[in-house]
2 protein chains.
Amino acid sequence: MTARRNFDKALNELENEILRMGSMVERAIYDAVESLAKQDVDLAQRVINGDRDINYLETEIEDRLVTLIATQQPIARDLRRIITGIKIITNLERMGDHAVDIARVTKRIAGQPLIKPLVDIPRMAKISQQMVKDGLDAYVRSDVEKAKYMCSLDDEVDHLYSQVFRELLTYMMEDPKTIAQATSLLFVARFLERIADYATNIGEAVIYLVTGERFDLNL
Amino acid sequence: MTARRNFDKALNELENEILRMGSMVERAIYDAVESLAKQDVDLAQRVINGDRDINYLETEIEDRLVTLIATQQPIARDLRRIITGIKIITNLERMGDHAVDIARVTKRIAGQPLIKPLVDIPRMAKISQQMVKDGLDAYVRSDVEKAKYMCSLDDEVDHLYSQVFRELLTYMMEDPKTIAQATSLLFVARFLERIADYATNIGEAVIYLVTGERFDLNL
């Protein structure tokens, strides 16, 4: 094989690993919120235990990406692609941490009936999960349109977050007995909002990779 | 100059830029909490406006670090050092975002008297700020001991966070009129706790850079 084909093959393999890591994180987000909605402590514990694998995979992929730079000395677009890969796995790893944060809330409030059925929180989780999926898809296909669309979903998550925030505040004010649990749920909403931000980082990194333009500098 | 000296000079310059970015972030954390404690809306607005410069500096440093890889094709330790630099600025940028989050709280609760004088929150800010400083110092000096010590401070911040959390919850339960502001302060404490986590990421990256060992995989 030519050096070029060697490089492409190695990068391709690593991108598949990144996709695999992405699926694990998507799953963790889904399971964490599911564990909360159903008060399933076993599922919450599985999310917490599973984070070890996600972290391990991150360090493994990162080491392999850095080795690829060192051995193949890629330049320009190839190099950018690898650096983007490193950024993506960093963001994925952080989302995984927040899935754990959510699972911990499940364990903390286990046994108390939920102050309300969860509607907007699972919706936030669903959108965030889709964002992760689309962001990784945009990365492997260099699909700027998909990346931009995906980033735009962040507004929806932010909107749901404000809604949940106001609603929980109302609960707390009307019935102080709900305060402890409502505060925990408030944090869950915030974790999901951050997860969507991390997904947005992925989309923005893809846009920069493909177009060389910064889509958003958080200005 | 030899290629080696060229490389060292370029990396050195970039590390100084990273230190400059670090000072800006430290300042932003300090000012954000100061604006909250003194209810100084102008200062809060300056923190919010200043984030643009931090974000801009991040992208500029990153571009230059990637260009350095492309043009000098460093291997082994040199390459790792640059990748660590990229990770550090990503973490710094996120801390800056949280400083903005805190400044936004100042603006939101402006005009309402504080439900209590802030003690533990400024203390959390102070430790976090020190962690940032020490982390960057450990990076430029490859000082593993300092990096380890710095990471150990994260426990102190976590401890203060739990303390603030419990205290604010008590306020809310005793007087529902405090709920809105107490919730905002709860988030401030959480932002600071995250800032300390980002600082810890820097310390761990330095430890990995120097020793090749993962100090903590969040296991």
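Reading the values: the criteria
Residues numbered from 1 in each chain as written. Chains lettered and ligands numbered in written order. Predicted model: local features only at pLDDT ≥ 70, side-chain atom pairs only at ≥ 80, totals over all residues. Heavy atoms only, no water. UniProt positions renumbered as here; feature names shortened; annotations may be inferred. Helix = DSSP H or I, 4+ residues; strand = E, 2+ residues; numbered from the N terminus. Buried < 20%, exposed > 50% of the residue type's maximum accessible area, 1.4 Å probe, protein only. Contact = heavy atoms within 4.5 Å. Lys, Arg positive; Asp, Glu negative; His and termini not counted. Charge placed at Lys NZ, Arg CZ, Asp CG, Glu CD. Buried area = accessible area lost by both parts, 1.4 Å probe. Salt bridge = Lys/Arg side-chain N within 4 Å of Asp/Glu carboxyl O. Least-squares fit on C-alpha atoms with pLDDT ≥ 70 in both. Core = buried A, V, L, I, M, F, W, Y, C linked by side-chain atoms within 4.5 Å. Expected span 1.5 Å × (residues − 1). Axes fitted to C-alpha atoms, helices over the stretch in contact; angles between N-to-C directions. Parallel < 35°, antiparallel > 145°, perpendicular 65-115°, else oblique. Left-handed = near helix turned anticlockwise from the far one by under 90°. Nonpolar A, V, L, I, M, F, W, Y, C, P; charged D, E, K, R; others polar.

Chain A has the name Phosphate-specific transport system accessory protein PhoU in an unreviewed UniProt entry, where Carboxydothermus islandicus is given as its organism. Per UniProt, chain A carries the Function (unreviewed entry) text "Plays a role in the regulation of phosphate uptake." The record in UniProt for chain A states the following under Sequence similarities (unreviewed entry): "Belongs to the PhoU family."

(A) Fine view of the overall build of chain A. Looking only at helices and strands, chain A has 6 helices and 0 strands in total. Secondary structure of chain A in N-to-C order comes out as α-α-α-α-α-α. In terms of principal-axis extent, the alpha carbons of chain A reach across some 70 × 35 × 20 Å. For chain A, buried positions account for 56% of its 219 residues. Relative to all contacts within chain A whose residues are 6 or more apart in sequence, the contacts with residues 24 or more apart total 85%. Of the charged side chains in chain A, 29 are positive and 36 negative, and the gap between their average positions amounts to 2 Å.

(B) The interface of chain A and chain B, seen in detail. Contacts between the two partners involve 45 residues from chain A, matched on the other side by 44 residues from chain B. Regarding the contact of chain A and chain B, the summed buried area is about 3900 Å², with carbon and sulfur atoms giving 60% of it. Our count for the contact surface shared by chain A and chain B stands at 8 salt bridges. The partner of Glu62(A) in a salt bridge is Lys87(B), with the nearest N and O atoms 2.4 Å apart.

(C) Up close: the UniProt feature "domain: PhoU" (unreviewed entry) in chain A. Residue and element names in this part refer to chain A. Here, UniProt's "domain: PhoU" (unreviewed entry) annotation points to residues 18–105 and 121–206. Counting secondary structure, residues 18–105 comes out at 93% helix and 0% strand; the distance between its end C-alpha atoms is 28 Å. Along residues 121–206, the helical share is 93% and the strand share 0%, with 27 Å between the first and last C-alpha atoms.

(D) Quick peek at the relation of the copies chain A and chain B. Aligned on chain B, chain A shows an RMSD of 0.0 Å; the corresponding rotation is 180° and the shift along the axis is 0.0 Å. In the structure described here, the two chain copies are related by an operation that fits a two-fold rotation axis. Every residue of chain A has its C-alpha some distance from the rotation axis, and the shortest such distance is that of Gln73(A), at 2.9 Å.

(E) Structural context of the side chain of Asp154(A). All names here are of chain A. With respect to the secondary-structure elements, aspartate 154 resides in helix H5 (residues 144–174). Here aspartate 154 occupies a buried position and makes no salt bridge, while the nearest side chain of opposite charge, arginine 194, is found at 8.7 Å. Setting aside its immediate chain neighbours within four residues, aspartate 154 contacts Met131, Ala196, Asp197 and Thr200.

(F) Broad picture of the environment of Gly85(B). Residues and elements named next belong to chain B. Structurally, glycine 85 is set in helix H3 (residues 76–108). Glycine 85 sits in the buried class, given a relative accessible area of 0%. When near neighbours in sequence (up to four residues on either side) are disregarded, glycine 85 contacts Ile18, Leu65 and Tyr139.

(G) The nonpolar core, seen in detail. Counting 150 residues, the largest nonpolar core has Leu92(A), Met95(A), Leu192(A), Leu92(B), Met95(B) and Leu192(B) as the members making the most contacts within it. Not counting residues up to four positions away in its chain, the partners in contact with Leu192(A) are Ile29(A), Val33(A), Ile102(A), Ile121(A), Met124(A), Ala125(A), Ser128(A) and Val157(A).

(H) The environment of His159(B), seen in detail. Residues and elements named next belong to chain B. Inspection of the secondary structure assignment puts histidine 159 in helix H5 (residues 144–174). Note on histidine 159: relative accessible area 48%, which makes it partly exposed. Once the C-alpha coordinates of histidine 159 and glutamate 58 are considered, the two residues, 101 residues apart in sequence, prove to be 31 Å apart.

(I) Molecular detail of unusual backbone geometry. Positive phi values are uncommon outside glycine, yet Gln73(A) reaches one of about 45°. Residue Ala76(B) is not a glycine yet carries a positive backbone phi of 45°. Inspection of the secondary structure assignment puts Ala76(B) in helix H3.

(J) Structural detail: helix H6 (residues 179–211) of chain A. Taking 1.5 Å as the rise per residue, H6(A) with 33 residues should run 48 Å; its terminal C-alpha atoms sit 47 Å apart, in good agreement. Along H6(A), 29 of the 33 residues are buried, which leaves the element largely enclosed by surrounding structure.

(K) Summary view of the pattern of salt bridges. Throughout the structure, instances matching the rule amount to 40 salt bridges over all chains. Between Asp63(B) and Arg80(A) there is a salt bridge, with its nearest N and O atoms 2.8 Å apart. Taken together, the positions of Asp63(B) in helix H2 (residues 41–72) and Arg80(A) in helix H3 (residues 76–109) put the pair across two chains. For Asp63(B), a relative accessible area of 25% translates into the label partly exposed. The class for Arg80(A) is buried, based on a relative accessible area of 13%. The partner of Glu34(B) in a salt bridge is Lys38(B), and the shortest N-O contact between them spans 2.7 Å. On the accessibility criterion, Glu34(B) (22% relative accessible area) is partly exposed.

(L) Layout of the packing of H2(B) against H3(B). All names here are of chain B. Where H2 contacts H3, the axes come no closer than 9 Å and their chain directions differ by 165°. As the angle between them shows, H2 and H3 are arranged roughly antiparallel. Along this stretch, H2 crosses H3, giving a crossing that reads as left-handed. Looking at side-chain class alone, the contact of H2 with H3 contains 18 nonpolar, 6 polar and 7 charged residues.

(M) Geometry of helix H4 (residues 120–141) of chain A. The terminal C-alpha atoms of H4(A) lie 31 Å apart, and with 22 residues this matches the ideal 32 Å at 1.5 Å per residue to within 8%. Where H4(A) terminates, the next one or two residues include Ser142(A), which has phi positive at roughly 50°.

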